[in-house]
Amino acid sequence: MRVLVIGSGAREHALVLALRKDPSVSAVYAAPGNAGIAQHAEVRAVDATSGEEVTALAQELGVDLVVIGPEVPLVLGVADAVRAAGIPAFGPSAAAARIEGSKAFAKDVMNAAGVRTAHSEIVDHPGELDAALDRFGPTWVVKDDGLAAGKGVVVTPDRSVAREHGAELLEQGHPVLLESFLDGPEVSLFCLVDGETVVPLLPAQDHKRVGDGDTGPNTGGMGAYTPLPWLPDETLQAIVDDVVKPVAAEMVRRGVPFSGLLYAGLAIGQTGPAVVEFNCRFGDPETQAVLAMLDSPLGELLYATATGTLDQVAAPRWKDGAAVAVVLAAENYPARPRSGDVITGAESSGTGTESEVLHAGTAQREDGALVSAGGRVLAIVGQGPDLAQARKNAYDRLAGIKLPGGHFRTDIALAATEGRISVPTPA
C-alpha cells in the first residue's frame with residue numbers, strides 16, 4: 001500500500017512514522033510536509049486546501065490511500081474530491097466535517113443524540129452580546145463559531161475580558177458561541193468511525209494554556225500524555241457508549257455519515273462526562289503521544305476506515321507504559337510568533353524508543369540549517385514504563401535542543417504523575 005499524508009505539522013510527522021512501521025505500507029509520501037518529515041518520507045509541494053491539487057498529486061503518485069491531517073482541508077471538501085476520483089481517503093466529507101467547522105451544527109447533533117454538553121447560545125449581532133453575557137458566568141466561555149486552530153476560545157472569570165473577545169469576533173464578522181462552563185478534568189478521546197462502527201483509541205489529556213499551571217492564553221496545545229491513570233475504565237466506556245456512538249448514529253440518520261477520526265473533547269464533572277467540543281480529525285499534540293503507544297499496523301486501521309470495513313479488522317493493540325509529548329514553541333507564541341531562528345539538536349531518529357523529536361513548524365534554509373517556521377515548532381515525545389519515566393525522557397531530550405526565544409511548559413503530565421487528578425465523586 002502506498003499512502004499520501006496531507007499536512008505539515010507534528011501530527012503528520014507522527015502519522016508518517018507510524019505508517020512507516022506498518023509492513024503492508026510500501027511507500028509514504030507527505031504534502032506539503034516539513035523539514036523533519038522530509039527525513040522519513042518523500043515530500044511534495046501541494047495546496048492542502050485544494051481538492052483538485054491533492055487529487056492530482058494522489059493520481060500522479062499512484063497511491064492507494066490519502067490521509068488528510070488538518071481540519072481546514074476536510075471542512076473544504078478535499079476528502080470528497082479524492083473519493084470522487086476513486087481513491088480511498090481517510091477523513092470525513094465536508095458535510096460531516098461540519099461537526100468541527102460549525103459549533104452550532106455540533107450542538108444541534110448532540111442535542112438530537114441526547115448527548116450531554118454545555119448550555120450554549122449563538123450571538124451574531126453586537127447589540128445582543130451584553131444581554132447574552134448576563135445569562136452566563138461567573139466563568140464565561142466565549143468561542144469563535146468557526147475554525148480557530150484552538151485559539152479562538154477565551155475562558156475567564158472576568159466579564160470585561162469575555163465581552164472584549166466576543167466584540168472582537170463579531171467585528172471580524174464571526175458569530176460568537178457562549179457556553180456554560182464545564183468543570184472537572186478534561187479528556188481527549190480519539191475514535192475511528194465508519195458510519196455506526198466506533199473503535200476507540202487510547203484516551204489522552206491536552207494542555208491548552210501557554211504557561212505552567214494552566215496560565216496564560218489558550219494555544220493549539222502545549223503538550224499531552226497518554227494513558228490517563230486517573231480515568232476509570234467504566235467512565236471511558238461510558239464516553240464511547242453514551243457520547244460517541246449516539247453522535248455517529250445521529251450523523252448516519254441525517255444522511256451525513258462520519259468516516260475518519262472523530263475526536264471528542266470532554267470534561268468529567270460530578271454529573272459525568274460532558275462534551276466540550278468535537279473535532280473531525282486527529283488532535284495535535286495528542287496524536288503524537290497516542291500513536292507512540294500504538295502496537296498495531298496503522299495503515300490497516302486507516303484503510304479499513306476509509307473503505308467501510310472497520311468492523312472487519314482487529315481492535316488496536318497498545319504498548320505497555322506511557323507517552324508524554326512536550327511542545328517547543330517559538331518566541332511570542334500564541335501571538336505573532338518569530339520565525340527564521342536556527343534550531344540545533346532536533347534530529348529525528350524515526351525509531352521512537354525512549355524519545356522522538358517530531359517537527360511541526362520547521363523549514364530547511366538553502367545553507368542546510370534547520371529554522372523555525374511556525375508557532376509550535378517541535379513536539380518531543382518521551383516513552384517509558386510509566387508517566388514519570390516518559391516525562392523524564394521527553395524533558396531530557398528537550399534539554400539538548402536549542403531555539404532562540406523558544407519556550408515550553410515544564411509541567412506536562414506532572415499533575416497526573418503526582419496523583420493530583422481525579423474524577424469528581426458523583427453529586
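The preceding data block contains the structure.
Position numbers for residues start from 1 in each chain and track the written sequence from start to end. The model is predicted, so local features are restricted to residues of pLDDT at least 70 and side-chain atom pairs to those at 80 or more, both for listing and for counting; the totals for chains, interfaces and linings are taken over all residues. As a rule here, side-chain values cover all heavy atoms of the structure and leave hydrogens and water aside.

Draft legend 1. Structural detail: the overall build of the chain. Note on conventions: DSSP H or I runs of at least 4 residues are helices, E runs of at least 2 residues are strands, and numbering of each starts at the N terminus. Assigned secondary structure in the chain consists of 13 helices and 22 strands. Radius of gyration: over C-alpha atoms. The globule rule applied is 2.2 Å multiplied by the number of residues raised to the 0.38 power. Computed over C-alpha atoms, the radius of gyration of the chain comes to 20 Å, within 12% of the 22 Å expected from 2.2 N^0.38 for 427 residues, which places it in the range of a compact globule. Overall, the C-alpha framework of the chain stretches about 55 × 45 × 45 Å when taken along its three principal axes. Out of the 427 residues belonging to the chain, those deemed buried represent 56%. Only heavy atoms enter the contact rule, under which two residues are in contact if any of them lie within 4.5 Å. A sequence separation of at least 24 residues applies to 68% of the contacts in the chain between residues at least 6 apart. On the chain, roughly 16,600 Å² of surface is accessible, and the fraction owed to carbon and sulfur atoms is 49%. Of the charged side chains in the chain, 33 are positive and 54 negative; the average position of the first set lies 2 Å away from that of the second. Only protein chains enter the area calculation, which uses a 1.4 Å probe; residues under 20% of their type maximum are buried, those over 50% are exposed, and those in between are partly exposed. Throughout, the Shrake-Rupley method with a 1.4 Å probe supplies accessible areas, and for residues the shown protein chains are the sole cover considered. Note that His is not counted, nor are the chain ends; the positive residues are Lys and Arg, and the negative ones are Asp and Glu. Taken as the charge centre is NZ of Lys, CZ of Arg, CG of Asp or CD of Glu, depending on the residue.

Draft legend 2. Seen up close, the sheet that holds strand 16 (residues 259-269). Judged by pairing direction, the sheet is antiparallel, and its four strands sit side by side in the order 11-10-16-17 without closing on themselves. Here the strands that pair on one side only, and so sit at the sheet edges, are strand 11 (197-200) and strand 17 (272-279). Pairwise comparison of adjacent strand axes, ignoring direction, gives a mean angle of 35° for this sheet. For two strands to count as paired, DSSP must find a minimum of two bridges between them. Here strand 16 runs beside strand 17; their pairing, made up of seven bridges, is antiparallel. Looking at the pairing, Tyr263 lines up with Asn279 of strand 17. Orientation is described by axes fitted as lines to C-alpha atoms, over the contacting stretch for helices, and by angles from 0 to 180 degrees between their N-to-C directions.

Draft legend 3. Inspection of the packing of aromatic side chains at higher detail. Note on aromatic contacts: the rings of Phe and Tyr and the six-membered ring of Trp form a pair at centre separations within 6.5 Å, being stacked when their planes are under 30 degrees apart, edge-to-face when over 60 apart, and tilted otherwise. Here the structure, examined in full by the defined rule, presents four aromatic pairs. Of the aromatic side chains, those joined through ring pairs into one cluster are Phe90, Phe190, Tyr263 and Phe282.

Draft legend 4. Summary view of the packing of helix 1 (residues 10-20) against helix 11 (residues 298-306). At a closest axis distance of 7 Å, the pairing of helix 1 and helix 11 adopts a crossing angle of 110°. It follows that helix 1 is roughly perpendicular to helix 11 by the angle criterion. On the side of helix 1, the interface is formed by Leu15, Ala18 and Leu19, while helix 11 contributes Leu298, Gly299 and Leu302. Its residues assigned to classes, the contact of helix 1 with helix 11 shows five nonpolar, one polar and no charged. Put simply, angles under 35 degrees are roughly parallel, angles over 145 are roughly antiparallel, angles from 65 to 115 are roughly perpendicular, and the rest are oblique. Charged means Asp, Glu, Lys or Arg here, nonpolar means Ala, Val, Leu, Ile, Met, Phe, Trp, Tyr, Cys or Pro, and polar covers whatever is left, Gly included.

Draft legend 5. Up close: the sheet that holds strand 12 (residues 205-206). Read from one edge of the open sheet, five strands run 12-15-18-22-19, paired in antiparallel fashion. Each edge of the sheet is formed by a strand with only one pairing partner; in this case those strands are strand 12 and strand 19 (355-359). Bridging between strand 19 and strand 22 (residues 376-384) involves five bridges; their strand directions are antiparallel. The residue of strand 22 that forms the bridge with Val357 is Ile380.

Draft legend 6. Examining the nonpolar core more closely. The criterion is simple. A nonpolar core is a set of buried Ala, Val, Leu, Ile, Met, Phe, Trp, Tyr and Cys residues joined through side-chain atoms within 4.5 Å. Within the largest apolar cluster, 77 residues are counted, with the highest numbers of intra-cluster contacts made by Leu4, Val66 and Ile99. With seven residues, helix 9 (residues 233-253) is the single largest residue contributor to this core.

Draft legend 7. View of the side chain of Ser372. Here Ser372 lies in strand 21 (residues 370-372). Excluding residues within four positions of it along the chain, Ser372 makes contact with Arg338, Ser339, Gly340, Asp341, Ile343, Gly361, Val377 and Leu403.

Draft legend 8. Spatial organisation of helix 2 (residues 51-61). Listed as buried for helix 2 are Gly51, Val54, Thr55, Leu57, Ala58 and Leu61. Angularly, the buried residues of helix 2 cover 160° about the axis, an arc narrow enough to put them on a single face. Exposed and oriented more than 90 degrees from the buried face of helix 2 are Glu52 and Glu60. Where helix 2 is buried, its residues touch strand 1 (2-7), strand 2 (27-32), strand 4 (65-68) and helix 4 (78-84). Comment: arc refers to directions from the helix axis out to C-beta atoms.

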